[in-house]
Amino acid sequence: MGVLGVNPEDMEPEESKRPVRQCALCHEERELCNSHLMPKGTYRILRSKVEKNPNPVMITRGRGSYTTSKQIVDYLLCEECERRFHERGEDWVLKNCYRDANTFSLRDVLRRNHPLSEDGELLVYPTAQIAEIDTKRLIYFAMSVFWRAGAHSWPWQGETIELDFGPYLEPIRKFLLDEQSFPDHMALYVRVVTAQTLLSTSRPPMSANHNGAHSHHFAMPGIAFILAVGQRLLRGTEISSTAPCPEGYITIYSGADESDIAQLRYLKEAADRRGSSL
(Lines give C-alpha, C1' and ligand atoms only; values in the text may rest on other atoms or scores of the structure.)
Protein backbone atom coordinates (compact mmCIF):
# COMPACT_ATOMS: atom_id res chain seq x y z
CA MET A 1 0.00 0.00 0.00
CA GLY A 2 1.35 3.42 -0.90
CA VAL A 3 2.47 5.92 1.68
CA LEU A 4 2.30 9.69 1.84
CA GLY A 5 5.03 10.82 4.22
CA VAL A 6 3.04 13.65 5.82
CA ASN A 7 -0.53 13.99 4.73
CA PRO A 8 -2.49 17.22 4.44
CA GLU A 9 -6.20 16.63 4.81
CA ASP A 10 -8.28 17.20 1.75
CA MET A 11 -10.67 20.09 2.26
CA GLU A 12 -12.18 19.74 -1.18
CA PRO A 13 -14.64 22.52 -2.05
CA GLU A 14 -17.68 21.82 -4.18
CA GLU A 15 -17.01 22.25 -7.92
CA SER A 16 -20.41 23.91 -8.35
CA LYS A 17 -19.23 26.85 -6.24
CA ARG A 18 -16.02 27.66 -8.07
CA PRO A 19 -15.00 31.23 -7.22
CA VAL A 20 -14.08 33.93 -9.69
CA ARG A 21 -10.93 35.70 -8.56
CA GLN A 22 -7.29 36.27 -9.52
CA CYS A 23 -5.43 33.19 -10.73
CA ALA A 24 -2.23 32.88 -8.67
CA LEU A 25 -0.09 32.17 -11.74
CA CYS A 26 -1.30 34.39 -14.61
CA HIS A 27 -2.91 37.03 -12.33
CA GLU A 28 -5.99 37.19 -14.58
CA GLU A 29 -9.44 37.40 -13.01
CA ARG A 30 -10.97 34.05 -13.88
CA GLU A 31 -13.04 31.15 -12.55
CA LEU A 32 -10.65 29.02 -10.50
CA CYS A 33 -10.20 25.27 -10.52
CA ASN A 34 -10.01 23.03 -7.48
CA SER A 35 -6.22 22.70 -7.81
CA HIS A 36 -4.02 19.97 -6.37
CA LEU A 37 -0.72 20.65 -4.64
CA MET A 38 0.54 17.18 -5.62
CA PRO A 39 -0.71 15.67 -8.89
CA LYS A 40 -4.05 13.92 -8.60
CA GLY A 41 -2.59 10.96 -10.48
CA THR A 42 -0.14 10.35 -7.63
CA TYR A 43 -2.92 9.06 -5.43
CA ARG A 44 -4.08 6.61 -8.09
CA ILE A 45 -0.54 5.19 -8.25
CA LEU A 46 -0.39 4.84 -4.45
CA ARG A 47 -3.71 3.03 -4.14
CA SER A 48 -3.18 -0.64 -3.37
CA LYS A 49 -4.39 -3.22 -5.89
CA VAL A 50 -4.43 -6.05 -3.34
CA GLU A 51 -5.41 -4.59 0.06
CA LYS A 52 -9.04 -4.65 1.17
CA ASN A 53 -8.69 -0.95 1.95
CA PRO A 54 -6.84 0.37 -1.13
CA ASN A 55 -6.29 3.94 0.11
CA PRO A 56 -2.76 5.21 0.77
CA VAL A 57 -1.35 5.15 4.29
CA MET A 58 -1.06 8.69 5.63
CA ILE A 59 1.27 9.84 8.39
CA THR A 60 0.24 12.95 10.27
CA ARG A 61 1.48 14.67 13.40
CA GLY A 62 -1.95 14.71 14.98
CA ARG A 63 -3.47 11.34 14.11
CA GLY A 64 -0.54 8.98 13.59
CA SER A 65 -0.75 6.63 10.59
CA TYR A 66 -4.08 5.86 8.92
CA THR A 67 -5.59 5.29 5.47
CA THR A 68 -7.56 7.91 3.53
CA SER A 69 -8.43 8.92 0.01
CA LYS A 70 -8.27 12.63 0.82
CA GLN A 71 -5.92 14.90 -1.09
CA ILE A 72 -4.33 18.35 -0.84
CA VAL A 73 -6.59 20.71 -2.78
CA ASP A 74 -7.78 24.30 -2.86
CA TYR A 75 -8.80 26.95 -5.38
CA LEU A 76 -5.64 28.40 -6.93
CA LEU A 77 -5.39 28.26 -10.75
CA CYS A 78 -7.58 29.01 -13.75
CA GLU A 79 -8.25 26.30 -16.32
CA GLU A 80 -5.63 27.66 -18.73
CA CYS A 81 -2.88 27.55 -16.11
CA GLU A 82 -3.98 24.10 -14.93
CA ARG A 83 -3.65 22.95 -18.54
CA ARG A 84 -0.23 24.55 -18.79
CA PHE A 85 1.01 22.63 -15.75
CA HIS A 86 -0.33 19.35 -17.11
CA GLU A 87 1.11 19.77 -20.60
CA ARG A 88 4.43 21.30 -19.60
CA GLY A 89 5.45 18.69 -17.03
CA GLU A 90 2.91 16.89 -14.90
CA ASP A 91 1.65 14.45 -17.53
CA TRP A 92 5.20 13.44 -18.52
CA VAL A 93 6.28 12.89 -14.92
CA LEU A 94 3.23 10.79 -14.07
CA LYS A 95 3.87 8.64 -17.13
CA ASN A 96 7.56 8.12 -16.32
CA CYS A 97 7.67 7.89 -12.52
CA TYR A 98 7.28 4.60 -10.64
CA ARG A 99 3.85 3.18 -11.39
CA ASP A 100 4.07 -0.46 -10.34
CA ALA A 101 6.60 -3.26 -9.94
CA ASN A 102 6.96 -3.60 -13.71
CA THR A 103 6.70 0.03 -14.81
CA PHE A 104 9.26 2.71 -13.96
CA SER A 105 10.30 4.28 -17.25
CA LEU A 106 12.68 6.96 -15.96
CA ARG A 107 14.74 4.47 -13.96
CA ASP A 108 14.83 2.00 -16.84
CA VAL A 109 16.08 4.64 -19.29
CA LEU A 110 18.88 5.64 -16.93
CA ARG A 111 19.95 2.03 -16.50
CA ARG A 112 20.23 1.65 -20.28
CA ASN A 113 22.71 4.54 -20.34
CA HIS A 114 26.19 4.89 -18.89
CA PRO A 115 26.63 7.28 -15.94
CA LEU A 116 29.06 10.15 -16.32
CA SER A 117 30.55 9.20 -12.98
CA GLU A 118 30.21 6.27 -10.62
CA ASP A 119 31.42 6.71 -7.07
CA GLY A 120 30.35 3.74 -5.01
CA GLU A 121 26.69 4.33 -4.15
CA LEU A 122 26.41 7.47 -6.31
CA LEU A 123 25.64 7.37 -10.05
CA VAL A 124 25.44 10.65 -12.00
CA TYR A 125 23.72 10.80 -15.40
CA PRO A 126 23.78 13.79 -17.79
CA THR A 127 20.25 13.57 -19.19
CA ALA A 128 20.02 16.55 -21.55
CA GLN A 129 21.27 14.36 -24.41
CA ILE A 130 19.13 11.32 -23.59
CA ALA A 131 16.23 11.49 -26.03
CA GLU A 132 13.84 9.44 -23.87
CA ILE A 133 14.16 11.86 -20.95
CA ASP A 134 12.43 15.22 -21.31
CA THR A 135 14.58 17.10 -18.81
CA LYS A 136 12.79 20.39 -19.48
CA ARG A 137 9.42 18.92 -18.53
CA LEU A 138 10.92 17.30 -15.44
CA ILE A 139 12.37 20.65 -14.34
CA TYR A 140 9.16 22.51 -15.12
CA PHE A 141 7.10 20.05 -13.11
CA ALA A 142 9.39 20.28 -10.08
CA MET A 143 9.37 24.08 -10.09
CA SER A 144 5.59 24.14 -10.49
CA VAL A 145 5.10 22.05 -7.34
CA PHE A 146 7.58 24.12 -5.34
CA TRP A 147 5.90 27.31 -6.56
CA ARG A 148 2.43 26.02 -5.66
CA ALA A 149 3.67 25.23 -2.15
CA GLY A 150 5.03 28.76 -1.78
CA ALA A 151 2.23 30.70 -3.44
CA HIS A 152 -0.63 29.45 -1.27
CA SER A 153 -1.47 28.20 2.21
CA TRP A 154 -2.80 24.68 1.64
CA PRO A 155 -5.29 23.39 4.26
CA TRP A 156 -3.89 20.54 6.32
CA GLN A 157 -5.32 19.05 9.51
CA GLY A 158 -6.54 22.44 10.67
CA GLU A 159 -3.13 23.94 9.84
CA THR A 160 -1.46 24.75 6.51
CA ILE A 161 1.37 23.72 4.20
CA GLU A 162 3.22 26.73 2.83
CA LEU A 163 6.88 27.11 1.91
CA ASP A 164 8.60 30.44 2.53
CA PHE A 165 10.52 31.54 -0.58
CA GLY A 166 10.58 35.22 0.29
CA PRO A 167 11.80 37.29 -2.71
CA TYR A 168 12.60 34.13 -4.67
CA LEU A 169 8.95 33.14 -5.24
CA GLU A 170 8.18 35.71 -7.96
CA PRO A 171 11.11 34.65 -10.20
CA ILE A 172 9.74 31.08 -10.10
CA ARG A 173 6.32 32.33 -11.23
CA LYS A 174 7.92 34.23 -14.12
CA PHE A 175 9.92 31.14 -15.06
CA LEU A 176 6.72 29.09 -15.19
CA LEU A 177 5.17 31.73 -17.48
CA ASP A 178 8.24 31.70 -19.78
CA GLU A 179 8.98 35.29 -18.85
CA GLN A 180 12.51 34.51 -17.65
CA SER A 181 15.07 31.70 -17.56
CA PHE A 182 15.68 29.42 -14.57
CA PRO A 183 15.88 31.73 -11.53
CA ASP A 184 19.20 32.90 -10.09
CA HIS A 185 20.38 31.68 -6.69
CA MET A 186 18.60 28.35 -7.06
CA ALA A 187 19.72 24.81 -7.81
CA LEU A 188 17.34 21.92 -8.50
CA TYR A 189 18.40 18.32 -7.92
CA VAL A 190 16.48 15.29 -9.12
CA ARG A 191 17.22 11.81 -7.78
CA VAL A 192 15.74 8.55 -9.01
CA VAL A 193 14.88 6.30 -6.08
CA THR A 194 15.74 2.61 -6.22
CA ALA A 195 15.03 1.45 -2.64
CA GLN A 196 11.92 -0.76 -2.74
CA THR A 197 10.61 0.77 0.50
CA LEU A 198 10.45 4.23 -1.08
CA LEU A 199 9.12 3.43 -4.54
CA SER A 200 5.45 3.58 -3.60
CA THR A 201 5.76 6.66 -1.39
CA SER A 202 5.12 10.34 -1.92
CA ARG A 203 5.82 13.33 0.32
CA PRO A 204 4.39 16.85 0.04
CA PRO A 205 6.78 19.82 0.00
CA MET A 206 8.75 20.52 3.17
CA SER A 207 11.66 22.79 4.08
CA ALA A 208 15.03 22.51 5.82
CA ASN A 209 17.81 24.90 6.79
CA HIS A 210 21.44 23.81 6.90
CA ASN A 211 23.99 26.37 8.09
CA GLY A 212 21.89 29.23 6.76
CA ALA A 213 21.24 27.59 3.38
CA HIS A 214 17.57 26.93 2.65
CA SER A 215 16.33 23.85 0.82
CA HIS A 216 12.89 22.55 -0.03
CA HIS A 217 12.01 19.00 -1.01
CA PHE A 218 9.18 16.70 -2.05
CA ALA A 219 8.87 13.23 -3.52
CA MET A 220 6.81 11.50 -6.17
CA PRO A 221 6.71 7.71 -6.47
CA GLY A 222 10.29 6.84 -7.42
CA ILE A 223 11.57 10.42 -7.79
CA ALA A 224 12.91 12.84 -5.17
CA PHE A 225 13.23 16.59 -5.77
CA ILE A 226 15.36 19.10 -3.83
CA LEU A 227 15.50 22.84 -4.48
CA ALA A 228 18.32 24.77 -2.80
CA VAL A 229 17.62 28.50 -2.57
CA GLY A 230 19.50 31.63 -1.55
CA GLN A 231 22.72 33.53 -1.93
CA ARG A 232 24.43 31.19 0.51
CA LEU A 233 24.48 28.33 -1.98
CA LEU A 234 27.91 26.76 -1.96
CA ARG A 235 30.03 27.94 -4.87
CA GLY A 236 29.90 25.44 -7.70
CA THR A 237 26.75 23.77 -6.36
CA GLU A 238 24.84 24.44 -9.58
CA ILE A 239 27.37 22.64 -11.79
CA SER A 240 26.14 19.26 -10.54
CA SER A 241 22.44 20.16 -10.63
CA THR A 242 19.52 19.18 -12.83
CA ALA A 243 18.96 22.91 -13.27
CA PRO A 244 20.39 25.38 -14.08
CA CYS A 245 23.22 23.07 -15.25
CA PRO A 246 22.68 22.54 -19.02
CA GLU A 247 23.66 18.86 -18.73
CA GLY A 248 20.58 18.21 -16.60
CA TYR A 249 22.21 15.83 -14.14
CA ILE A 250 20.02 13.20 -12.46
CA THR A 251 21.42 10.92 -9.79
CA ILE A 252 20.83 7.48 -8.35
CA TYR A 253 22.18 7.45 -4.80
CA SER A 254 21.44 4.60 -2.42
CA GLY A 255 22.91 6.54 0.50
CA ALA A 256 20.27 9.23 0.10
CA ASP A 257 17.59 6.53 -0.19
CA GLU A 258 18.68 5.10 3.16
CA SER A 259 18.52 8.56 4.74
CA ASP A 260 14.97 9.06 3.40
CA ILE A 261 13.89 5.67 4.75
CA ALA A 262 15.22 6.62 8.20
CA GLN A 263 13.36 9.95 8.05
CA LEU A 264 10.12 8.28 6.97
CA ARG A 265 10.44 5.76 9.81
CA TYR A 266 11.06 8.58 12.28
CA LEU A 267 8.02 10.53 11.05
CA LYS A 268 5.79 7.47 11.31
CA GLU A 269 6.97 6.55 14.79
CA ALA A 270 6.66 10.14 16.02
CA ALA A 271 3.20 10.48 14.47
CA ASP A 272 2.02 7.19 15.99
CA ARG A 273 3.28 8.24 19.43
CA ARG A 274 1.36 11.52 19.19
CA GLY A 275 -1.73 9.74 17.89
CA SER A 276 -1.72 7.18 20.70
CA SER A 277 -1.42 9.90 23.33
CA LEU A 278 -4.58 11.72 22.20
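Let us look at the structure shown here. Computed from a predicted structure; not experimentally measured.

**Focus on helix α5 (residues 169–176)**
One turn of the α-helix equals 3.6 residues, which is why residues spaced by three or four share an orientation.
(1) Moving on: Among the residues of α5, those classed as buried are L169, I172, R173, F175 and L176. Summarising the axial view, the buried residues of α5 lie within an arc of 160°, below the 170-degree limit, and thus occupy one face.
(2) Moving on: Where α5 terminates, the next one or two residues include D178, which has phi positive at roughly 65°.

**What to know about the environment of I45**
(1) Moving on: Within the secondary structure, I45 is located in helix α1 (residues 40–46).
(2) Moving on: Not counting chain neighbours up to four residues away, the residues in contact with I45 comprise L94, C97, Y98, R99 and P221.

**Concerning the packing of helix α2 (residues 79–96) against helix α4 (residues 135–151)**
(1) Moving on: Interaxial distance between α2 and α4 falls to 8 Å at its minimum, and their mutual angle equals 110°. With respect to α4, the axis of α2 lies roughly perpendicular. Classified by chirality, the crossing of α4 by α2 is left-handed. Of α4, the residues touching α2 (which contributes R84, F85, E87, R88, G89, E90, W92 and V93) are R137, L138, Y140, F141, S144, W147 and R148.
(2) Moving on: Here the residues of the contact of α2 with α4 sort into 7 nonpolar, 2 polar and 6 charged.

**So, the nonpolar core**
(1) Moving on: In terms of nonpolar packing, the biggest core is built from 70 residues, with M143, W147, L188, F225 and L227 touching the most fellow members.
(2) Moving on: Of the residues forming this core, the biggest block, 10 residues, is contributed by α4.
(3) Moving on: Residues contacting L227, with those up to four places away along its chain left out, are M143, F146, F165, I172, F182, M186, A187, L188, H214, S215 and H216.

**As for the pattern of salt bridges**
(1) Moving on: Scanning the entire structure with this criterion turns up 12 salt bridges.
(2) Moving on: The salt bridge involving E31 is made with R18; its shortest N-O contact spans 3.6 Å. Of this pair, E31 sits in strand β3 (residues 29–36) while R18 sits in the loop between β1 (3–4) and β2 (20–22); the two residues are 13 residues apart in sequence, bridging distant segments of the chain.
(3) Moving on: The partner of R88 in a salt bridge is D178, with the nearest N and O atoms 2.8 Å apart. One end of the pair, R88, is in helix α2; the other, D178, is in the loop between α5 and β13 (186–192), with 90 residues separating them in the sequence.
(4) Moving on: A relative accessible area of 47% places D178 in the partly exposed class.
(5) Moving on: Among the charged side chains, a salt-bridge network with shared partners connects R191, R203, D257 and D260.

**Let's talk about the pairing of β13**
(1) Moving on: Buried residues dominate β13, accounting for 6 of its 7 residues.
(2) Moving on: Both β13 and strand β16 (residues 223–229) contribute to a ladder of 7 bridges, which runs antiparallel. Pairing of L188 across the sheet is with L227, part of β16.
(3) Moving on: Here β13 pairs with strand β17 (residues 249–253) via 2 bridges, running parallel. Considered in β17, the bridge of R191 is made with T251.

Definitions and cut-offs
- Residues numbered from 1 in each chain as written.
- Predicted model: local features only at pLDDT ≥ 70, side-chain atom pairs only at ≥ 80, totals over all residues.
- Heavy atoms only, no water.
- Buried < 20%, exposed > 50% of the residue type's maximum accessible area, 1.4 Å probe, protein only.
- Helix = DSSP H or I, 4+ residues; strand = E, 2+ residues; numbered from the N terminus.
- Arc of directions from axis to C-beta.
- Contact = heavy atoms within 4.5 Å.
- Axes fitted to C-alpha atoms, helices over the stretch in contact; angles between N-to-C directions.
- Parallel < 35°, antiparallel > 145°, perpendicular 65-115°, else oblique.
- Left-handed = near helix turned anticlockwise from the far one by under 90°.
- Nonpolar A, V, L, I, M, F, W, Y, C, P; charged D, E, K, R; others polar.
- Core = buried A, V, L, I, M, F, W, Y, C linked by side-chain atoms within 4.5 Å.
- Salt bridge = Lys/Arg side-chain N within 4 Å of Asp/Glu carboxyl O.
- Pairing = 2+ DSSP bridges.

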